[in-house]
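Now for the letters of each chain:
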Amino acid sequence: MAAESENGLQVQQLTAGYVKGMPIISDINLSMQHGEIVSIIGPNGAGKSTLLKAIAGLLRVESGSVSFDNRLITGIRPDKLSQSGVALVPQLDNIFRTMSVQQNLRLAARRCNANPRQAIESMLELFPVLAEKFNARAGSLSGGQRQFLAVAMALVSSPTLLLLDEPSAGLSPKAAQEVLGMLPGIARSHVAILMVEQNVKAALTVSDRAYVLAEGRNQYEGEASSLMNDPVLGEIYMGVRRVEAHATKSV
Ligand SMILES: Nc1ncnc2c1ncn2[C@@H]1O[C@H](COP(=O)(O)OP(=O)(O)OP(=O)(O)O)[C@@H](O)[C@H]1O
């Protein structure tokens, strides 16, 4: 059983955006525990990435709060968040392409004061493909391998909350499956994984639960398996029915 101090991620009434007074997400509530994989899904422009960025401290929060294991982390910048056990894998520019795999991992270890040798060893064990490409330039890796490297760089700080922004973006279906397929293994080691994904079906397949956003607000939340077969979810995606922005339902 989780210790009392480990109450996971709690997002309460979070309102945030890019311009003061013009929120993109409003009154978002979300909670998750260690070991869970939770997806944030919804139509284009729903505010999914904005929510992740607000949790990761990349955006100004207008109101509401974010806490992790009872520590208030609202607005703490990503480089400081690693001290609270939180790591973000951004969608773009998440590796240094001109540097080797080894140099990328070393840099990640240095950034969080981890022992480079130990950190690199454990990442190569977790991602054997990175061992094969250890001295290759990161830019020469395939899309899936680059994502493995980006995730490995985040894991070097031994986070207990991993935030992933569209980890399968731009990947072939096979590579996307490989990248998403490694997440349950990471979650089993007590890590909470929160991800934004466009690839809804693949994301729900590896997730325990999901939150559906539309128009910057919570719309639905539920078990991934129930959402996968929910006709209303299809309606939201296909725009057949305009969603009522304020009602949140559990399925
Ligand atoms: N840097 C920015 N500055 C101003 N507005 C932005 C910025 N980034 C996103 N937005 C706006 O915020 C809204 C939500 O965008 P966001 O990227 O969070 O949506 P999303 O649900 O992740 O969409 P998608 O699935 O298309 O990536 C959009 O209207 C977008 O134009």
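Look up a bit, the structure's there.
Presented here is an overview of the structure given in this document. (Residues numbered from 1 in each chain as written. Predicted model: local features only at pLDDT ≥ 70, side-chain atom pairs only at ≥ 80, totals over all residues. Heavy atoms only, no water.)

1. A closer look at the nonpolar core
Soluble globular proteins: nonpolar side chains tend toward being buried together.
Thought 1: Ranked by size, the top nonpolar core spans 42 residues in total, and within it Leu-105 and Leu-162 carry the most contacts.
Thought 2: It is helix α6 (residues 143-155) that provides the largest number of residues to this core, a total of eight residues.
Thought 3: Excluding its chain neighbours within four sequence positions, the residues that come into contact with Leu-105 are Ile-120, Met-123, Leu-124, Phe-134, Leu-149, Ala-152, Met-153 and Val-156.
Thought 4: Residues Leu-51, Ile-55, Leu-163 and Ala-192 belong to the second largest nonpolar core, which totals 29 residues. (Core = buried A, V, L, I, M, F, W, Y, C linked by side-chain atoms within 4.5 Å. Buried < 20%, exposed > 50% of the residue type's maximum accessible area, 1.4 Å probe, protein only. Helix = DSSP H or I, 4+ residues; strand = E, 2+ residues; numbered from the N terminus. Contact = heavy atoms within 4.5 Å.)

2. Some details on the packing of aromatic side chains
Thought 1: Counted according to the given criterion, the structure contains one aromatic pair.
Thought 2: Centre to centre, the rings of Phe-127 and Phe-148 are 5.6 Å apart; their planes meet at 45°, and the pair counts as tilted. Here Phe-148 lies in helix α6 and Phe-127 lies in the loop between α4 (116-126) and α5 (128-132), a separation of 21 residues in the sequence. The same class applies to Phe-127 as to Phe-148, namely buried. (Phe/Tyr/Trp six-rings, centres within 6.5 Å; stacked < 30°, edge-to-face > 60°.)

3. Points about the site of the ligand
Thought 1: Taken together, the residues surrounding the ligand are Tyr-18, Ile-24, Pro-43, Asn-44, Gly-45, Ala-46, Gly-47, Lys-48, Ser-49, Thr-50, Glu-166 and Gln-198.
Thought 2: Contacts to the ligand include Tyr-18, whose side-chain N or O atom sits 3.4 Å from a nitrogen atom.
Thought 3: Separating an oxygen atom of the ligand from a side-chain N or O atom of Lys-48 is a distance of 2.8 Å.
Thought 4: Burial of the ligand by the protein amounts to 58% of the accessible area it has alone, namely 630 Å². (Near = heavy atom within 4 Å. Polar contact = N/O pair within 3.5 Å; in protein donor to acceptor, adjacent residues only side chain to side chain. Areas by Shrake-Rupley, 256 points an atom, 1.4 Å probe, with all protein chains shown as cover.)

4. Considering the pairing of strand β7 (residues 161-165)
Thought 1: For β7, the tally of buried residues reaches five of five residues, placing the bulk of the element in the interior.
Thought 2: Direction of pairing for strand β6 (residues 86-89) relative to β7: parallel, over a ladder of four bridges. Counterpart to Val-86 in the pairing with β7 is Leu-161.
Thought 3: Alignment of β7 against strand β8 (residues 192-196), held across five bridges, turns out to be parallel. When the sheet's bridge partners are listed, Asp-165 is paired in β8 with Val-196. (Pairing = 2+ DSSP bridges.)

5. Details of the sheet that holds strand β1 (residues 9-17)
Thought 1: Read across the open sheet, the four strands follow the order β2-β1-β4-β5; overall the sheet is antiparallel. In the strand order of this sheet, the two ends are held by β2 (25-32) and β5 (71-72), each with one partner.
Thought 2: Bridge count between strand β4 (residues 60-68) and β5: two bridges; the pairing is antiparallel. Within β5, the residue paired with Ser-67 across the bridge is Leu-72.
Thought 3: Docked against the sheet, helix α1 (residues 48-55) engages β1, β2 and β4, running at close to 115° with respect to β1. (Axes fitted to C-alpha atoms, helices over the stretch in contact; angles between N-to-C directions.)

6. Details of the packing of α6 against helix α7 (residues 173-181)
Thought 1: One can describe the packing of α6 onto α7 by two numbers: an axis separation of 9 Å at closest approach and a directional angle of 20°. Taken together, the axis directions place α6 and α7 in an arrangement best described as roughly parallel. Crossing geometry of α6 relative to α7 is assigned as right-handed. From α6, Gly-144, Gln-147 and Phe-148 reach across to α7, where they touch Ala-175, Glu-178 and Val-179.
Thought 2: Of the residues belonging to the contact of α6 with α7, the class tally is three nonpolar, two polar and one charged. (Parallel < 35°, antiparallel > 145°, perpendicular 65-115°, else oblique. Left-handed = near helix turned anticlockwise from the far one by under 90°. Nonpolar A, V, L, I, M, F, W, Y, C, P; charged D, E, K, R; others polar.)

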